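# A closer look at the structure
Here is what each chain is made of, one letter per residue.
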Amino acid sequence: MTTPQRPASDDARRLVLTLGCPDTTGIVAAISGFISDIGGWITEASYHSDESTGWFFTRQAIRIDSAELPVHEVRARFAQIAADMGPETEWTLTDTSVEKTAVLLVSKDSHCLTDLLARAERGEFPATVAAVIGNHRDLEELTSRFGVPFHHVPFPTDGKTEAFAEVRRIVDGYRPDAIVLARFMQILPADLCEAWAGRAINIHHSFLPSFVGARPYHQAFDRGVKLIGATCHYVTADLDAGPIIEQDVSRISHDYTTADMVRQGRDIETLVLSRGVRWHLEDRVLVYGRKTVVFT
């Protein structure tokens, strides 16, 4: 009897399995047996057992040398295993050889857009930016410099319903894995939140629920805050209350001007958004109710 040898090439195909199910014995053994049966090696494995809910979560990166094994067949095989874990079980299985896509929604602020486009150009973004949609033309030239299509959809006060319908038509045409609100200053209607659930990602300052409305950094400056931060979350019909993917904060000094606070706030928004979108595209975020498990 011979033991299969691990593939030598680092270019081997990889599958990513995520799973959330009621916690019980034998889950890890069942997954490990499945991976062995398809001729795979576990290259990354993360687990979390939530005692408060009795729920188990895992993410498995699987190196597979059987290029001829189609992913739909692998899914069909695992579906039989997942069925034994209970009807509430949620799971995904993706093939990393299939490139993912993202569509970015913007208004006038450029910092998040510039960062994401630059990362994509450098090959540091785990997806292709298929298009940018703006409700103003301010960022059209910037987008064009990166060779990415720009779609302008104006939002007149008395025509927002039609505008969102056009945005939806354009976005859905690209069938993206992520719809990123990169400082898009329009509130998505409930029907879009539902249609894009688990794919629409937003970034905003973390002053909420304080300093609501326009010029939040100016409001914070007037109150003498000592920390500023940003929150990246999935978009839901509950405004700015979707499951949180990533957050960060930065301490500021008493001698900061409003301009200093705005600059530092933009820096944090940029970093938090890029992390959150990356983790989403790498299938590292598992949503359960109003919370997330993030395997980084």
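For the structure itself, look to the data block above.
An account of the accompanying structure is given in this report. Think of each chain on its own: its residues are numbered from 1, step by step along the sequence as written. Only residues with pLDDT of 70 or above have their local features reported here, since the model is predicted, and side-chain atom pairs are shown and tallied only from 80 upward, although totals for entire chains, interfaces and linings are computed over all residues. Heavy atoms from the whole structure form the basis of all side-chain values; hydrogens and water molecules are not counted.

### So, the overall build of the chain
Where we set the bar: Strands are runs of DSSP state E lasting at least 2 residues, helices are runs of H or I lasting at least 4, and numbering of each runs from the N terminus. Each radius of gyration is computed over the set of C-alpha atoms, and the globule rule expresses the reference value as 2.2 Å times the number of residues to the power 0.38. Think of it in three bands: with a 1.4 Å probe and only protein chains considered, a residue is buried below 20% of the maximum accessible area for its type, exposed above 50%, and partly exposed in between. Should any heavy atoms of two residues lie within 4.5 Å, those residues are counted as being in contact. Exposure was quantified through the Shrake-Rupley algorithm and a 1.4 Å probe, taking into account, for residues, occlusion by the shown protein chains and nothing else. Neither His nor the chain ends contribute to the count of charged residues, in which Lys and Arg are positive and Asp and Glu negative. Working definition for charges: the position is that of NZ of Lys, CZ of Arg, CG of Asp or CD of Glu.
Along the chain, the regular secondary structure elements total eight helices and 13 strands. What you see for the chain is a C-alpha radius of gyration of 21 Å, in line with the 19 Å of a compact globule of 296 residues. When the backbone C-alpha atoms are referred to their principal axes, the chain occupies close to 70 × 40 × 35 Å. Split into buried and exposed, the 296 residues of the chain put 47% on the buried side. Contacts in the chain between residues at least 24 apart in sequence constitute 67% of all its contacts with a sequence separation of at least 6. With the model as given, the accessible surface of the chain reaches about 15,300 Å², and the carbon-plus-sulfur share is 50%. Separation between the mean location of the 30 positive side-chain charges and that of the 40 negative ones in the chain comes to 4 Å.

### Observations regarding the packing of aromatic side chains
To be explicit about the condition: Side-chain rings of Phe, Tyr and Trp, where Trp is taken by its six-membered ring, are said to pair if the distance between their centres is within 6.5 Å; with planes under 30 degrees apart they count as stacked, over 60 as edge-to-face, and otherwise as tilted.
For the structure shown, the criterion picks out seven aromatic pairs. Ring centres 6.2 Å apart and planes at 35° place the aromatic pair Tyr47 and Phe56 in the tilted group. Here Tyr47 falls in the partly exposed class, since its relative accessible area comes to 39%. Overall, Phe56 belongs to the buried group, its relative accessible area being 8%. For the ring pair Phe78 and Trp91, a centre distance of 5.1 Å and an interplane angle of 70° mean the geometry is edge-to-face. With Phe78 in helix H2 (residues 71-83) and Trp91 in strand E4 (residues 90-95), this residue pair connects regions lying 13 residues apart in the sequence. On the accessibility criterion, Phe78 (0% relative accessible area) is buried.

### Points about the packing of helix H3 (residues 111-121) against helix H8 (residues 258-281)
Going by this rule: Axis angles are defined between N-to-C directions and span 0 to 180 degrees, where every axis is a line fitted to C-alpha atoms and, for a helix, only to the segment in contact. Note on angle classes: values under 35 degrees are labelled roughly parallel, values over 145 roughly antiparallel, values of 65 to 115 roughly perpendicular, and the remainder oblique. Crossing handedness: left-handed means the near helix sits turned counterclockwise from the far one by under a right angle, and right-handed means the same turn made clockwise. Gly counts as polar in this scheme, as do all residues outside two lists: the nonpolar Ala, Val, Leu, Ile, Met, Phe, Trp, Tyr, Cys and Pro, and the charged Asp, Glu, Lys and Arg.
Packing of H3 against H8 leaves a shortest axis separation of 9 Å and a crossing angle of 45°. Of the possible angle classes, the one that applies to H3 and H8 is oblique. The handedness of the crossing between H3 and H8 comes out as right-handed. In this structure, H3 contributes His111, Cys112, Asp115, Leu116 and Arg119 to the contact, and H8 contributes Arg266, Glu269, Thr270, Leu271, Leu273 and Ser274. Grouping the amino acids of the contact of H3 with H8 by side-chain chemistry returns four nonpolar, three polar and four charged.

### Some points on the sheet that holds strand E5 (residues 101-106)
So the rule is basically this: When DSSP finds two or more bridges between two strands, those strands count as paired.
Taken together, seven strands build an open sheet; the order of strands is E7-E6-E5-E8-E9-E10-E11 and the sheet is mixed. For this open sheet the edge positions go to strand E7 (150-152) and strand E11 (244-251), each flanked by a neighbour on one side alone. Neighbouring strand axes in the sheet, compared pairwise and without regard to direction, differ in orientation by 20° on average. Two strands pair when backbone bridges link them, and strand E9 (residues 200-205) and strand E10 (residues 227-234) are joined in this way by five bridges, in the antiparallel orientation. Across the sheet, His205 pairs through a bridge with Ala230, a residue of E10. Contacting E5, strand E6 (128-134), strand E8 (178-181) and E9, H3 crosses the sheet at an angle of about 160° to E5.

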